[in-house]
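# Breakdown of the fold
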Amino acid sequence: MSISAPAAAAPRQHNLLWRMIAGLWHALDFSRRLTMNLIFLLIVIIVLIAIFSSTGGTIKAHTALVLDPEGAVVEQFSSSPADRALASAFAKPNPEVQLRDLLQTLDAAANDKHIDRVLLITHKLTGIGPATARTLAAALARFKLSGKPLYAFANSYDQRSYLLAAQANQVFLDPDGAVLLEGMARYRTYFKDAFDKLGIEAHLFRVGEYKSAGEPYIRSDQSPEAEAADQYWMNDIWNRHLADIAKARKLTPAGLTAVIDDYVEGVAATQGDLAQLAVQQGLVDGLKTATEVEAMMLAEGVADDAGDSFRQIDFAHYLNHLQARPQFPGKSQVAVLVTEGEIVDGKQRPGSIGGDSTSALLRDIRLDENIKALVLRVDSPGGSVFPSEQIRREVALIKAAGLPVVVSMGDLAASGGYWISMDADEIIADPSTITGSIGIYGLVFNVPAAMGKLGLHSDGVGTTWLAGAFDPTRALDPRVGEMIQQVLNKGYADFIGKVAAARKQTPEAIDGIARGRVWTGAQAKERGLVDRLGTLDDAIAAAAKRAGLKKYDTRYIEQPATALEAFFASMAQSGITGFLREQGLISPLFWQSQAQHQELARVQALIQSRRRSGLPISLQAHCECGLP
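The following paragraphs examine the structure supplied in this document.

Quick look at the packing of aromatic side chains now. In total, this model carries eight aromatic pairs according to the counting rule given. When the ring of Phe-195 is compared with that of Tyr-217, the centres are 6.4 Å apart and the planes differ by 15°; the resulting orientation is stacked. Taken together, the positions of Phe-195 in helix 6 (residues 192-198) and Tyr-217 in the loop between strand 8 (201-207) and helix 7 (224-249) put the pair 22 residues apart, joining distant regions of the chain. With a relative accessible area of 29%, Tyr-217 lands in the partly exposed category. Taking the centre distance of 6.1 Å and the plane angle of 85° together, the rings of Phe-195 and Phe-445 count as edge-to-face. Of this pair, Phe-195 sits in helix 6 while Phe-445 sits in strand 19 (residues 440-446); the two residues are 250 residues apart in sequence, bridging distant segments of the chain. The class of Phe-195 is buried, set by a relative accessible area of 12%. An aromatic cluster of at least three residues, connected via ring pairs, comprises Phe-191, Phe-195, Tyr-217 and Phe-445. Over the ring of Tyr-210 we find Arg-517, and its NZ or CZ is 5.0 Å from the ring centre.

Further remarks concern the environment of Leu-466. Along the chain, Leu-466 falls in the loop between helix 16 (448-453) and helix 17 (478-503). A relative accessible area of 33% means that Leu-466 is categorised as partly exposed. With 13 residues separating them in the primary sequence, Leu-466 and Arg-479 have C-alpha atoms 9.1 Å apart. Setting aside chain neighbours within four positions, we find Leu-466 in contact with Val-480 and Met-483.

Read across the sheet, six strands follow the order 9-7-6-4-1-10 without closing on themselves; strand pairing throughout is parallel. In this open sheet, the two strands that pair with only one neighbour each are strand 9 (286-287) and strand 10 (312-314). Bridge count for strand 7 (residues 170-173) against strand 9 is two bridges, and the pairing is parallel. Within strand 9, the residue paired with Leu-173 across the bridge is Leu-287.

To continue, consider the pattern of salt bridges. Counting across every chain of the model gives 28 salt bridges. Asp-244 is the partner of Arg-134 in a salt bridge, and the nearest nitrogen-oxygen pair spans 2.8 Å. Placement of Arg-134 in helix 4 (residues 130-144) and of Asp-244 in helix 7 is noted, with a sequence separation of 110 residues between them. Here Arg-134 falls in the partly exposed class, since its relative accessible area comes to 23%. Ionic pairing is found between Asp-531 and Arg-503, a salt bridge with its closest N-O pair at 2.9 Å. On the criterion of sequence distance, the pair formed by Asp-531 in the loop between helix 19 (521-526) and strand 21 (532-533) and Arg-503 in helix 17 is long-range, its members being 28 residues apart. Look at the salt bridges and you will find they share partners, linking Glu-389, Arg-392, Arg-393 and Asp-423 into a network.

At a minimum axis separation of 10 Å, helix 3 (residues 99-111) and helix 12 (residues 315-322) run at an interaxial angle of 80°. One element, helix 3, and the other, helix 12, form an angle in the roughly perpendicular class. Contacts from Asp-101, Leu-102, Gln-104, Thr-105, Ala-108 and Ala-109 of helix 3 reach helix 12 at Phe-315, Tyr-318, Leu-319 and Leu-322. Residue classes in the contact of helix 3 with helix 12 are distributed as seven nonpolar, two polar and one charged.

Thresholds, definitions, all that
- Residues numbered from 1 in each chain as written.
- Predicted model: local features only at pLDDT ≥ 70, side-chain atom pairs only at ≥ 80, totals over all residues.
- Heavy atoms only, no water.
- Phe/Tyr/Trp six-rings, centres within 6.5 Å; stacked < 30°, edge-to-face > 60°.
- Helix = DSSP H or I, 4+ residues; strand = E, 2+ residues; numbered from the N terminus.
- Buried < 20%, exposed > 50% of the residue type's maximum accessible area, 1.4 Å probe, protein only.
- Lys NZ or Arg CZ within 6 Å of the ring centre and 35° of its normal.
- Contact = heavy atoms within 4.5 Å.
- Pairing = 2+ DSSP bridges.
- Salt bridge = Lys/Arg side-chain N within 4 Å of Asp/Glu carboxyl O.
- Axes fitted to C-alpha atoms, helices over the stretch in contact; angles between N-to-C directions.
- Parallel < 35°, antiparallel > 145°, perpendicular 65-115°, else oblique.
- Nonpolar A, V, L, I, M, F, W, Y, C, P; charged D, E, K, R; others polar.

Put into C-alpha cells, the structure is as follows:
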C-alpha cells in the first residue's frame, strides 16, 4: 500500500507536460496566424491605397507642364516594372523614357485646359536616335499649334537635344553652357595589326562587299566600299537634321554649316564664352540660370500653393495622371508590337528580340479575335539569322490569317531588322531611319599561333577530318572555310529571294541594292525597300484602313507582367514605394538584388539559347550601323 501514491503521480506529471506543450503550440500558432493576417491586411491596405490614390487627382488651372525626360528615349522599357518601381522608390536615375509616353503627354497637354504652357528641360536626356528626335520634335511643334507657349532650357545642348529645343518659342541656355553642333561621325577600332602581333587569326565570311560589320577584325582601316556607303547615308541624315533646325529657328542650313566651320574664330571672338557664342549664332534667345528661368515662369504664370515657385506638374506625375484610369480596349483593335534591340535565340526580356518570345507574342496576336490588324514597330540592328526567320514566318502566318500587317521603322531597322519587316503589307519609315544592310556574315577566330607564343599547343586525334575542325585552338581547315562560305551564299540567296518576293521585284534587282549596303529611310524608299515615309501614327492609321476599321483601339502587346511586377508598378504609380522607403520598410539592398537577379537571368537565358542552337558558327544578319 505504501507504493500506490508515487504510481498515481506519474500520469499527473505526464499530463501537465503535454498541457504545457499544447499551450505553447497554440500560442505559437496564434502568433503565426496573427502575423500572417497582419501582413495580408497590410498588403490589402497598400493595394487599396494604390487603387484609390491613382485616380490622377485634379490639376489646377494655369498649371505649367515641366517636360523633363530622363535617360535614353526608347520604344519600350528594357527593365521590368518591378525594377522601375523600386528604382523610383530609392530615387535612382531612370535610364529610359518611352517615346510613346512623351508623345501622349504632349498631345494631351495641348488639349488640357488646365495646362497653359510647357517648359522643356533636356539636359537629363542621355540618348535619342535621329528618327526618334524628329518624331519628338514634330510633337513639340504640334503642341505649339495649340497657341500655348513652349519654353526650352538646358545646362547645355547637344545636337539632337537641340533639335527638340529649337521647336520652342524661346530657347534659354545656362550662362556656363554651350550648344554643340558637330556633325555625324562613325569611327571604329581596327584590330588586324594587333591580332597579327598576338597571333590571333580572324576569318571573315560574308556576302556583300558593303557588309562591313566584321571588317575591323581583318583590316587595319575602313574599306573603300564601307567608306562610300557610310558617307552617303550619314550625309543624308545630317543634311536633314540641319534643315529641320533651320526651319524651326528661321535660319538656313548653310548658315548652320558656317557655324561649325567658324567655331574656332567664333570661340576666339567671345574669348571662350560658348554660351555667348550661341546667342550670337542665333541658336538661343537668352542666357538664364535655372533660378532665373523659374522666376520668369513665376512672373508670367501663377504661383504654387506655397507661393515660392510657379504652379507646375512634372512629366512623371502628369503621365501618371493620364494613365491613372485603366483602359479596356474594345473588340476592334490594332495591335502594336515593339521589336527593339538585337535579335537573338530563345526567350528574351524586352530590350532584346528573342526568336521564341517574340514569335509567341505574334502567335497570341494571330489567335486573338479582337485584334484586326498588326503594326510591327521595328528598332533593331538585326542579329542572328535563325531567330530573324522565326519571326518572319510568324508575320507571314498573321498575313495568311487575313490580318493586315504594317511595319513602322524607328531609328534602326537594318539587316535582321529588315528581315523581320519585309513580309509586311506596307513598310513605313522615317526619312532618317537607318535600314537596308541586306547581307550575311560570319566570323571564326583561331588562336594556335597565340598559344604557341605562350608555349601552349593543341594536339590529338579525331574519327573524321571534320571532328574538332571548329576548335579555335587549331588552325582553320580551308575545307571548313569553303563550307561556311557556301552556307552563307545560300543564306544570302534566301534573304534576297524573300525580299524580292515580298517587294515584288527580281532577286537580281534586290541584289543590286543589297550586298550589305546601308540606306536611310528616304534612300530606301527611292529604291523600293520602303513604301512610304511617315510615323508610327501613320502606320497605325494605315493598318486600320487596311482592316476596314473606322473606330478602333490601339493596344500595345507586351510580355505580361508577373504578379510581383504588376504589384510594384501600381505602388510606384501611387507613390507608395517612396513612402515605404522613407519609413525604412524597403531596403535598397532589395532593389539591388532584384536588379542583379534580372540581369543574371537575362545572361543565363542568352547562354542557354546559344547552346541550344548547336551551331559551331552563328550566321549573322546584323548591322554595325548605329550612331552614338
